[in-house]
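# Results of the structural survey
This is what each chain is made of:
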Amino acid sequence: MADYDFDLFVIGAGSGGVRAGRMAASHGARVGMAEDRYLGGTCVNVGCVPKKLYSYAAHFHECFTESAGFGWQLGQAPTFSWSTLRDNKKAEIERLNGIYRRLLENANVTLFNGRARIVDAQHVEVAGKRYSAAKILLATGGWPWIPDIPGKEHFLDSNAIFDLERFPKRFLVLGGGYIAVEFASIFNGLGADSHLVYRGSLFLRGFDREVREFTHDEMLKKGVNLHFETTIERIEKQGEVYHVHLSNGEQLEVDAVMAATGRRPNLDNVGLENVSVEQEINGKIRIDDRYQTTTPSILALGDLIDGPELTPVALAEAMRLVDCHFGKGEAAPIDYETVATAVFCHPNIGTVGLSEEMARKRFERIRVYSTTFRPMKHTLSGSEERSMMKLIVDDASDRVVGAHMVGEDAGELIQGIAIAIRAQLTKADFDATIGIHPTSAEEFVTMREITRH
Ligand code: NDP
């Protein structure tokens, strides 16, 4: 590969791009990388990291109230400063950006500030200069997509929402996916009057039905206003107030209106027109099992290709891609079916494997073990919050094929269960595991009663 300026040129320094660049360099590849925004991509800057920090902030609110039952007296009512949260978040992200920069420098990756454009199968152009590369990796991720409705310019997207100048006392989000339920919960927790508008009859399409219904009830209890089978017809701005006209005839006045209506591959201005790179109907880049596009020297991963749009998935793809092209090519294909995921709505959802609906289609007969309960903490806190746990078992093999939880720290808990599901453990293995008392987690090894077949 010595005839090229680089062995690998990565376009985009997000989770997947940075991991691929660093790992390729550790195999001795000469790596160039271009980024025109922020190091760390969506996850670090306008996704997982700031969202989780804001979710923590929102959880404090109920902790203050709940502490009274445990004997705490807080004196005057706590107040919330949006600018403190926002600015502390900004400082933390700048710290992470610095870490990313140092990681790349220490790995000897040559970093370019600018949008790189593909010129042909072996060349990119960045900041007015042309470089040759044996392989070019597209790792530009996704970008929020907003539907075309009158007043769409008033929508905030998931990039802009983090840095609002003022805290919106009345907040509305359009959509029923991860981002919509998370932000409806966050702003509700921070003290806003929070509305979620979704076109379907129940949000979180694709998740286990019982999980969706339970989450619906819990979010309602916490005070989120849920408007289902409804869309936004138009948005008008009067002064600082947004008038949101809904398809059900209602009109809501809010201080911020957000669209969380999905993301699309971020492929503007990367020079795709200069090469033959086929895309799927949904705009995702078509790849083979070595992450090669229809121009084999051009590779793609992460949110640009089909599959779950999740940081750990992009990281796993990066590791495998590097193994295929710069390593021994021994890494096993990624098992997308057992990727665990959490939704940081309040309470959190943690889920791995099949939903009950999917399992019913896949297996002749299943066993469902499902329980809801009041967590011990809330016996004194006064909170009405309940938790839900659920296991789905293939009756013939006794294998646990799905595990779901709604409740505090569900993501923390489901990660361990994901190992058991990936290892194809049986319900008998779960039953033989001694619980940890007193925890919510012990429910996962003490569910004996079949809820239904
Ligand atoms: P999702 O694809 O999860 O959800 C999009 C939502 O918008 C769906 O409810 C969809 O409805 C709705 N929608 C789509 N088009 C329209 C329209 N024209 N009018 C009204 N509603 C519409 O996207 P998100 O933006 O929530 O998140 C993007 C991805 O980012 C997620 O899929 C996830 O992979 C990732 N993510 C992961 C997180 C985590 O791991 N905790 C957190 C945040 C994001 P319908 O269901 O009817 O199609």
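Everything below is about the structure printed above this text.
Let me sum up the structure you'll find in this document. Per chain, residues are indexed from 1 in the order of the written sequence. Given that the model is predicted, a residue must reach a pLDDT of at least 70 before its local features are reported, and side-chain atom pairs must reach 80 or more before they are shown or counted; all residues, however, enter totals for whole chains, interfaces and linings. For the side-chain quantities, the full set of heavy atoms in the structure was used; hydrogens and water were omitted.

## Examining the overall build of the protein chain
The helix and strand inventory of the protein chain stands at eleven helices and 21 strands. What the globule rule says is 2.2 Å times the number of residues to the power 0.38, and the radius of gyration is computed from C-alpha atoms. Its C-alpha radius of gyration of 24 Å places the protein chain within 12% of the 22 Å reference for a compact globule of 453 residues. If one aligns the C-alpha atoms of the protein chain with their principal axes, the spans along those axes are about 70 × 65 × 40 Å. Accessible area is worked out with a 1.4 Å probe on protein chains only. A residue is then buried under 20% of its type maximum, exposed over 50%, and partly exposed in between. Residues counted as buried form 53% of the 453 residues belonging to the protein chain. In what follows, a contact means two residues having at least one pair of non-hydrogen atoms within 4.5 Å. A sequence separation of at least 24 residues applies to 63% of the contacts in the protein chain between residues at least 6 apart. Per-residue and other accessible areas were derived by the Shrake-Rupley procedure at a 1.4 Å probe size, with only the shown protein chains allowed to occlude residues. Accessible surface for the protein chain amounts to roughly 21100 Å². Of this, 50% is attributable to carbon and sulfur atoms. Counting 50 positive and 62 negative side-chain charges, the protein chain places the centres of these two groups 2 Å from one another. Put simply, DSSP marks the helices as runs of H or I at least four residues long and the strands as runs of E at least two long, and each gets a number from the N terminus on. Under the counting rule used here, the positive set is Lys and Arg, the negative set is Asp and Glu, and His together with the chain ends is not counted. Charge positions come from single atoms, namely NZ of Lys, CZ of Arg, CG of Asp or CD of Glu.

## Digging into helix H3 (residues 48–66)
An expected span of 1.5 Å times one less than the residue number is assigned to each helix. Taking 1.5 Å of rise per residue, the 19 residues of H3 would be expected to cover 27 Å, and the 27 Å separating its terminal C-alpha atoms lies within 8% of that figure. Of all the residues in H3, the buried ones are Pro50, Lys51, Tyr54, Ser55, Ala57, Ala58 and Glu66. Considering only its buried residues, H3 is in contact with helix H2 (41–46), helix H4 (82–106), helix H5 (178–190) and helix H9 (377–381).

## A look at the sheet that holds strand S17 (residues 341–343)
Taken in spatial order, the five strands of this open sheet run S17-S18-S21-S20-S19, and their pairing is antiparallel. Across the chains shown, the open sheet's two edge strands, defined by having one partner strand only, are S17 and strand S19 (366–373). In this sheet, adjacent strand axes meet at a mean angle of 10 degrees when their direction is disregarded. When DSSP finds two or more bridges between two strands, those strands count as paired. Pairing of S19 with strand S20 (residues 387–394) involves eight bridges; the strand directions are antiparallel. If you follow Ser370 over to S20, its bridge partner there is Lys390. Lines fitted to C-alpha atoms define the axes, with helix axes restricted to the stretch in contact, and inter-axis angles between N-to-C directions lie between 0 and 180 degrees.

## Looking at the pattern of salt bridges
Here, a salt bridge means any Lys or Arg side-chain nitrogen found within 4 Å of an Asp or Glu carboxyl oxygen. With the rule as written, the count across this model stands at 35 salt bridges. Put simply, Asp36 and Arg115 hold a salt bridge, and the shortest N to O gap is 3.7 Å. Taken together, the residues span a long stretch of sequence, with Asp36 in the loop between strand S2 (31–35) and H2 and Arg115 in the loop between strand S3 (110–113) and strand S4 (117–120) at a distance of 79 residues. Residue Lys89 is joined to Asp163 by a salt bridge in which the shortest nitrogen-to-oxygen separation is 2.9 Å. Placement of the pair is Lys89 in helix H4 and Asp163 in the loop between strand S7 (142–144) and strand S8 (170–174), with a sequence separation of 74 residues. Owing to a relative accessible area of 40%, Asp163 belongs among the partly exposed residues under this scheme. Salt bridges here are not isolated pairs; linked through shared partners, they connect Asp208, Glu210, Glu356, Arg360, Lys390 and Arg452.

## Comments concerning the packing of H3 against H4
At their nearest, the axes of H3 and H4 sit 10 Å apart, and the two run at 145 degrees to each other. The handedness of the crossing between H3 and H4 comes out as right-handed. Across the interface between the two elements, Val49, Pro50, Leu53, Tyr54 and Ala57 of H3 pack against Trp82, Leu85, Arg86, Lys89, Glu92, Ile93 and Leu96 of H4. Here the term charged refers only to Asp, Glu, Lys and Arg, the term nonpolar to Ala, Val, Leu, Ile, Met, Phe, Trp, Tyr, Cys and Pro, and the term polar to all other amino acids, Gly among them. Of the residues assigned to the contact of H3 with H4, the class counts are nine nonpolar, no polar and three charged. Crossing handedness: left-handed means the near helix sits turned counterclockwise from the far one by under a right angle, and right-handed means the same turn made clockwise.

## Regarding the packing of aromatic side chains
Only Phe, Tyr and Trp rings take part, Trp by its six-membered ring, and two of them pair if their centres are within 6.5 Å. Stacked means planes under 30 degrees apart, edge-to-face means over 60, and tilted covers everything else. Evaluated as defined, the whole model comprises 18 aromatic pairs. Seen in terms of ring centroids, Phe167 and Phe187 are 6.0 Å apart; in terms of plane orientation they differ by 35 degrees. Their pairing is tilted. On the criterion of sequence distance, the pair formed by Phe167 in the loop between S7 and S8 and Phe187 in helix H5 is long-range, its members being 20 residues apart. By relative accessible area, which is 0% here, Phe187 ends up buried.

## Section: unusual backbone geometry
Generally, phi is negative for residues other than glycine and the peptide bonds are trans, each holding for most cases. Put simply, His346 and Pro347 share a cis peptide bond, and its omega is -5 degrees. Tracing the chain through its elements places Pro347 in the loop between S17 and strand S18 (349–353). Put simply, His437 and Pro438 share a cis peptide bond, and its omega is -5 degrees. At Asp398, a position not held by glycine, the phi torsion is positive, near 70 degrees. Mapped onto the fold, Asp398 is located in the loop between S20 and strand S21 (400–406).

## Some remarks on the site of the ligand
Working definition: residue near molecule or strand if any one of its non-hydrogen atoms lies within 4 Å of it. Contacts to the ligand come from 20 residues, most closely from Gly176, Tyr198, Arg199, Arg205 and Ala342. Residue Glu309 places a main-chain N or O atom 3.0 Å away from an oxygen atom belonging to the ligand. The contact in question runs from a nitrogen atom of the ligand to an N or O atom on the backbone of Ala342, over 2.8 Å. Protein chains shield 77% of the accessible area of the ligand, which is 920 Å² for the free molecule. Here the shell around the ligand takes three residues from H5, the largest share from any one element. Here the shell around the ligand is built from residues that sort into nine nonpolar, five polar and six charged. Side-chain atoms alone can form a polar contact between residues adjacent in sequence; in general such a contact is a pair of N or O atoms within 3.5 Å, and within protein one must be able to donate a hydrogen while the other accepts it.

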